[in-house]
Amino acid sequence: MTEKDWKEKLTPEEYYILREKGTERPFSGKYNDFFEKGSYVCAACGNKLFNSDAKFDSSCGWPSFDQAIEGSVTYTKDTSHGMIRTEVTCAKCDGHLGHVFDDGPKDTTGNRYCMNSVSIKFVPAD
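Keep in mind that this is a model prediction, so the values were computed, not measured.

For the protein, the helix and strand inventory stands at 2 helices and 9 strands. Its helices and strands taken in sequence order, the protein reads α-α-β-β-β-β-β-β-β-β-β from the N to the C terminus. Radius of gyration (C-alpha) of the protein: 14 Å, near the 14 Å computed for a compact globule of 126 residues. Overall size of the protein, expressed as C-alpha extent along the three principal axes, is 45 × 40 × 30 Å. Considering the protein as a whole, with its 126 residues, one finds that 48% of them fall into the buried category. For the protein, contacts bridging at least 24 residues in sequence account for 52% of all contacts bridging at least 6. For the protein, the computed accessible surface area is about 7,100 Å², with 49% contributed by carbon and sulfur atoms. Charge-centre separation for the protein: the mean point of 16 positive side chains lies 3 Å from the mean point of 20 negative side chains.

Glancing now at the state of the cysteines. By the definition in use, this model includes 0 disulfides. Take Cys 42: it sits in no disulfide, and the sulfur closest to it among the cysteines is that of Cys 93, at 3.7 Å. Looking at Cys 90, it has no disulfide partner, and the nearest cysteine sulfur is the one in Cys 45, 3.6 Å off. The buried category is assigned to Cys 90, whose relative accessible area is 1%.

This part covers the pairing of strand S6 (residues 85–90). Looking along a regular strand, one sees the side chains alternate between the two faces of the sheet. Judged by how many residues are buried, S6 sits mostly within the fold: 5 of 6 residues are covered. Strand direction decides the pairing type here: strand S5 (residues 73–78) and S6, joined by 6 bridges, are antiparallel. Note on S6: the bridge partner recorded for Asp 78 is Arg 85. Hairpin connection between S5 and S6: a loop of 6 residues separates the two successive antiparallel strands, and His 81 in this loop has a positive phi of roughly 60°. Across 4 bridges, the pairing between S6 and strand S7 (residues 96–101) is antiparallel. The residue of S7 that forms the bridge with Thr 86 is Val 100. Where S6 folds back onto S7 in an antiparallel hairpin, the turn is made up of 5 residues, including Asp 94, whose phi is positive at roughly 70°.

Tallied over the full model, the rule gives 5 salt bridges. Put simply, Arg 19 and Glu 3 hold a salt bridge, and the shortest N to O gap is 3.5 Å. In this pair, Arg 19 sits in helix H2 (residues 12–19) while Glu 3 sits in helix H1 (residues 3–9), placing the two residues 16 residues apart along the sequence. We classify Glu 3 as partly exposed; its relative accessible area is 36%. Measuring nitrogen to oxygen at the nearest pair gives 2.9 Å for the salt bridge that ties Glu 87 to Lys 21. Placement of the pair is Glu 87 in strand S6 and Lys 21 in the loop between H2 and strand S1 (38–42), with a sequence separation of 66 residues.

Ordered in space as S2-S1-S9, the 3 strands form an open sheet in which the pairing is antiparallel. Taken across any chain shown, the strands that pair with only one partner, and hence form the sheet edges, are strand S2 (48–51) and strand S9 (120–124). Taken over all neighbouring pairs, the strand axes of this sheet differ in orientation by 30° on average, direction set aside.

Cut-off values and rules
Residues numbered from 1 in each chain as written. Predicted model: local features only at pLDDT ≥ 70, side-chain atom pairs only at ≥ 80, totals over all residues. Heavy atoms only, no water. Helix = DSSP H or I, 4+ residues; strand = E, 2+ residues; numbered from the N terminus. Rg over C-alpha atoms; globule rule 2.2 N^0.38 Å. Buried < 20%, exposed > 50% of the residue type's maximum accessible area, 1.4 Å probe, protein only. Contact = heavy atoms within 4.5 Å. Areas by Shrake-Rupley, 256 points an atom, 1.4 Å probe, with all protein chains shown as cover. Lys, Arg positive; Asp, Glu negative; His and termini not counted. Charge placed at Lys NZ, Arg CZ, Asp CG, Glu CD. Disulfide = S-S within 2.5 Å. Pairing = 2+ DSSP bridges. Salt bridge = Lys/Arg side-chain N within 4 Å of Asp/Glu carboxyl O. Axes fitted to C-alpha atoms, helices over the stretch in contact; angles between N-to-C directions.

Such coordinate-based values are descriptive only and should not be taken to indicate function.
And the structure:
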């Protein structure tokens, strides 16, 4: 899709975060304190990204997961804002989802996928 196509398909907020690599304000996202059973897909293309059993309360202000579904995301070194981080994007449409850090639960993967609620959509379990 072209950027023009994305602008037509996405809301202005979705476009800002998914295509321009923006970030929603902490503690403002609809999935921050949401723990229903199901899965999370990319808000832009519907690619399945995370299962709800990987979600945990990190108290960081954004929805957090300890692992992504294998092959669903890609990783890129991000040196913006004077930091070195690992950006997480959708493997299908390259939409910006958030970042992954190594300060997650030590009893599982040790990862904290810090995602923007705007970048993901919840699909309830059957």
